[in-house]
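Close look at the chain arrangement
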6 protein chains.
Amino acid sequence: MSLTIYRKAHFNAAHRLYREDWTDEKNLEIFGKCSNPHYHGHNYELEVGVSGEIDPETGYLIDIKELKDLILEEVEEPFDHKNLNIEVADFKNLNPTVENIAMVIWNRLRKRLDTRYDLSVKLFETPRNFVLYTG
Amino acid sequence: MSLTIYRKAHFNAAHRLYREDWTDEKNLEIFGKCSNPHYHGHNYELEVGVSGEIDPETGYLIDIKELKDLILEEVEEPFDHKNLNIEVADFKNLNPTVENIAMVIWNRLRKRLDTRYDLSVKLFETPRNFVLYTG
Amino acid sequence: MSLTIYRKAHFNAAHRLYREDWTDEKNLEIFGKCSNPHYHGHNYELEVGVSGEIDPETGYLIDIKELKDLILEEVEEPFDHKNLNIEVADFKNLNPTVENIAMVIWNRLRKRLDTRYDLSVKLFETPRNFVLYTG
Amino acid sequence: MSLTIYRKAHFNAAHRLYREDWTDEKNLEIFGKCSNPHYHGHNYELEVGVSGEIDPETGYLIDIKELKDLILEEVEEPFDHKNLNIEVADFKNLNPTVENIAMVIWNRLRKRLDTRYDLSVKLFETPRNFVLYTG
Amino acid sequence: MSLTIYRKAHFNAAHRLYREDWTDEKNLEIFGKCSNPHYHGHNYELEVGVSGEIDPETGYLIDIKELKDLILEEVEEPFDHKNLNIEVADFKNLNPTVENIAMVIWNRLRKRLDTRYDLSVKLFETPRNFVLYTG
Amino acid sequence: MSLTIYRKAHFNAAHRLYREDWTDEKNLEIFGKCSNPHYHGHNYELEVGVSGEIDPETGYLIDIKELKDLILEEVEEPFDHKNLNIEVADFKNLNPTVENIAMVIWNRLRKRLDTRYDLSVKLFETPRNFVLYTG
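Below is a short write-up of the structure. (Residues numbered from 1 in each chain as written. Chains lettered and ligands numbered in written order. Predicted model: local features only at pLDDT ≥ 70, side-chain atom pairs only at ≥ 80, totals over all residues. Heavy atoms only, no water.)

Turning next to the packing of helix α2 (residues 64-79) of chain B against helix α4 (residues 98-110) of chain B. The relative placement of two packed helices is expressed as an angle between their axes plus a distance between the axes. Residues and elements named next belong to chain B. Their axes nearest at 9 Å, the elements α2 and α4 cross at an angle of 140°. The angle between α2 and α4 places the two elements in the oblique class. The interaxial crossing formed by α2 with α4 has right-handed handedness. On α4, the residues that touch L70, I71, E74, V75, P78 and F79 of α2 are I101, V104, I105, R108 and L109. The residue inventory of the contact of α2 with α4, partitioned by class, reads nine nonpolar, no polar and two charged. (Axes fitted to C-alpha atoms, helices over the stretch in contact; angles between N-to-C directions. Helix = DSSP H or I, 4+ residues; strand = E, 2+ residues; numbered from the N terminus. Parallel < 35°, antiparallel > 145°, perpendicular 65-115°, else oblique. Left-handed = near helix turned anticlockwise from the far one by under 90°. Contact = heavy atoms within 4.5 Å. Nonpolar A, V, L, I, M, F, W, Y, C, P; charged D, E, K, R; others polar.)

Opposite the 22 residues of chain C that make contact, chain B presents 22 residues. In this assembly, chain C packs against chain B so that about 1,800 Å² is buried in total across both faces, 53% of it on carbon and sulfur atoms. Contact with chain B buries surface across chain C, with C:H38, C:N43 and C:H81 losing the most and accounting together for 33% of the total. For the pair chain C and chain B, the number of links is two salt bridges. Across the pair C:K33 and B:D80 runs a salt bridge whose closest N-O atoms are separated by 2.8 Å. Linking chain C to chain B there are 15 residue pairs in polar contact (both at pLDDT 80 or more). It is strand β2 (residues 40-52) of chain C that provides the largest number of residues to the side of chain C that touches chain B, a total of five residues. Residue composition of the side of chain C that touches chain B, grouped by class: six nonpolar, 10 polar and six charged. (Buried area = accessible area lost by both parts, 1.4 Å probe. Salt bridge = Lys/Arg side-chain N within 4 Å of Asp/Glu carboxyl O. Polar contact = N/O pair within 3.5 Å; in protein donor to acceptor, adjacent residues only side chain to side chain.)

For the rest of this paragraph, the subject is the relation of the copies chain A and chain D. Rotating chain A by 180° about the axis while translating it 0.0 Å along that axis superimposes it on chain D, leaving an RMSD of 0.0 Å. The symmetry that links the two subunits is that of a two-fold axis. Comparing interface residues between copies, 100% of those in chain A also sit at the interface in chain D, which points to an isologous, same-surface contact. (Least-squares fit on C-alpha atoms with pLDDT ≥ 70 in both.)

Structure below.
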């Protein structure tokens with residue numbers, strides 16, 4: 001049996017793609033306009049998937065309010081209306097590509113989620129670019 | 001080779017979450033406003049996925065009209081504009097959580113679908129909450 | 001100059017269409033399956049538009065947080081997860097068609113909104129059926 | 001006769017809401033987390049509407065490729081992947097609220113568009129907050 | 001009082017943009033790849049708006065099932081899965097631009113709709129290009 | 001570790017479903033109105049997924065610009081505004097069902113994509129019918 005429940009959330013943030021140990025020219029060459037030193041930003045749309053067994057007593061896989069609160073604490077509060085490079089410690093030494101942001105979110109949720117659940121994170125940077133990370 | 005064809009459908013229904021063997025207080029504590037005794041409702045959006053081999057003669061995995069008719073008979077006609085708790089026998093002794101509704105739909109379609117196909121059901125209760133069940 | 005700012009919101013509710021002074025047969029004839037005595041329900045999606053002058057000091061037409069809170073108080077709290085026919089006094093003697101729900105919402109917001117603003121309400125009953133009411 | 005043709009476009013940008021002549025405390029009080037000095041950002045979705053008469057020879061109101069190129073030159077190239085406060089001269093002395101951004105876009109397009117057309121600009125800052133400006 | 005109810009519908013069709021009295025070169029110059037002599041096609045999404053007074057007896061502006069059936073007869077049946085240039089008489093001498101298709105749809109619906117209603121037609125040729133025609 | 005990055009794209013095309021070796025009656029019986037000899041068409045929406053390891057130096061799984069250009073060359077340029085049956089050699093002897101189009105796209109991209117990546121193709125023929133092919 002395979003059952004997954006999904007919850008959507010979102011946050012807005014500024015970021016830039018770059019490596020401190022590269023010159024501005026190298027950053028521009030590799031990351032293009034995404035390396036703009038003055039930053040740009042996105043409306044990030046998030047879909048968190050939790051897989052597991054249904055609880056026969058309640059008919060819930062997980063209480064969706066718990067999942068909503070967990071996403072609020074671990075993602076929306078620390079990331080929303082923030083500059084990811086400057087204000088979110090996870091990205092102090094990690095380039096905030098959509099791939100890395102998805103993995104950071106997965107790790108944050110994973111350590112708070114009961115081990116009986118599997119976890120997936122889909123993150124949209126724009127409506128046309130998105131990633132799926134399943135650990 | 002892995003090929004899946006999907007068909008979307010929808011139905012509107014009233015429901016409430018509760019267990020008859022629990023007090024109203026207990027139902028409210030566990031299910032919150034979803035246990036409202038006067039019911040609330042949703043526009044359920046459904047995505048049915050059928051996996052299998054392509055028929056080299058037609059280029060079809062399955063005739064999508066057959067799939068559409070099957071969903072109409074097994075889901076839309078029995079569920080649309082209904083009170084799930086009162087009017088749909090599948091939920092007489094089963095709490096109509098989105099998880100349970102998805103599993104009921106999967107079971108209804110599974111027994112009508114040729115065994116050479118695999119089946120998945122994604123069901124949106126709201127644009128932000130949805131489940132995927134693959135049997 | 002014509003400037004309007006919009007805020008989206010949503011609520012889930014059960015309802016039925018019927019007139020108490022009509023027989024069940026007449027209700028069924030006019031309102032079809034929407035008159036189901038056991039109720040059905042929808043995810044109502046709401047777009048509230050507020051028109052007016054921009055405040056040159058802030059660059060705001062209206063503080064969107066104020067508008068969000070107003071919608072929360074006047075629409076989401078009284079309507080969400082409710083049975084509109086039974087639990088919302090506005091519909092005690094008013095058939096909760098999508099037209100009437102939109103007008104009730106407009107009236108509720110209008111009396112709380114400063115007279116220097118114009119108001120519009122778009123209400124989706126399903127993704128395919130919706131109304132616009134501008135007073 | 002009233003005919004309007006619409007073209008969608010988008011751009012990503014960083015911004016903050018604030019007035020230089022206010023203290024940080026006043027900015028925070030009025031603009032909340034939108035005044036974050038390190039910036040945040042959005043995927044701005046734009047709908048440009050051009051109204052006028054149909055050309056009976058071509059059946060076009062306007063050549064949509066011309067409109068697409070105009071939006072590219074006047075909006076996407078100057079705004080995309082930029083910090084609106086720092087890098088877009090229009091906002092040097094103008095708070096980049098969604099209201100003001102829409103009016104700036106309207107003015108940029110208006111002066112390039114033949115006077116036989118009317119113009120409207122709808123700008124989404126998030127899927128839930130958007131404005132319509134018609135001049 | 002201003003109240004409008006909207007109904008969405010869709011149809012798929014092939015078309016090309018061209019004038020018989022122009023050379024292929026002129027057609028290509030003006031209509032670009034849309035003039036491909038072998039045709040291309042679209043999923044046309046349609047929003048029909050009907051404005052008028054609410055019927056105090058039913059709470060309906062118009063019975064949405066009537067509107068749905070009217071759109072089926074006047075638009076979906078004659079246009080769906082058709083080649084607009086060859087198979088739809090309205091375009092025998094009229095270039096099937098999105099502007100002209102919207103006006104044809106408006107005229108077809110207008111002559112069937114009671115004069116107490118106003119009518120608007122929004123037609124999406126792609127998610128990025130669409131028109132609004134209000135007569 | 002499982003990480004996938006997705007890029008959306010679209011193309012418009014005309015097609016018909018039929019087999020040359022069948023009579024018109026047989027084609028109509030099996031393919032219904034999709035076998036219309038004058039063609040119909042769609043806005044095809046495409047989601048290409050590329051799975052693999054993250055590059056620790058850049059934080060990229062793949063440079064999304066490379067993926068975008070690959071889709072442009074292999075799908076958008078050869079398919080957009082085309083008649084698939086007549087103008088795209090891949091369908092000279094292959095019925096352009098949505099299943100077959102997805103497999104053709106997968107094969108075109110697969111032979112251009114480094115073998116260290118896995119590939120998936122989701123193709124929407126309409127918002128309600130779509131397929132997923134993973135090779």
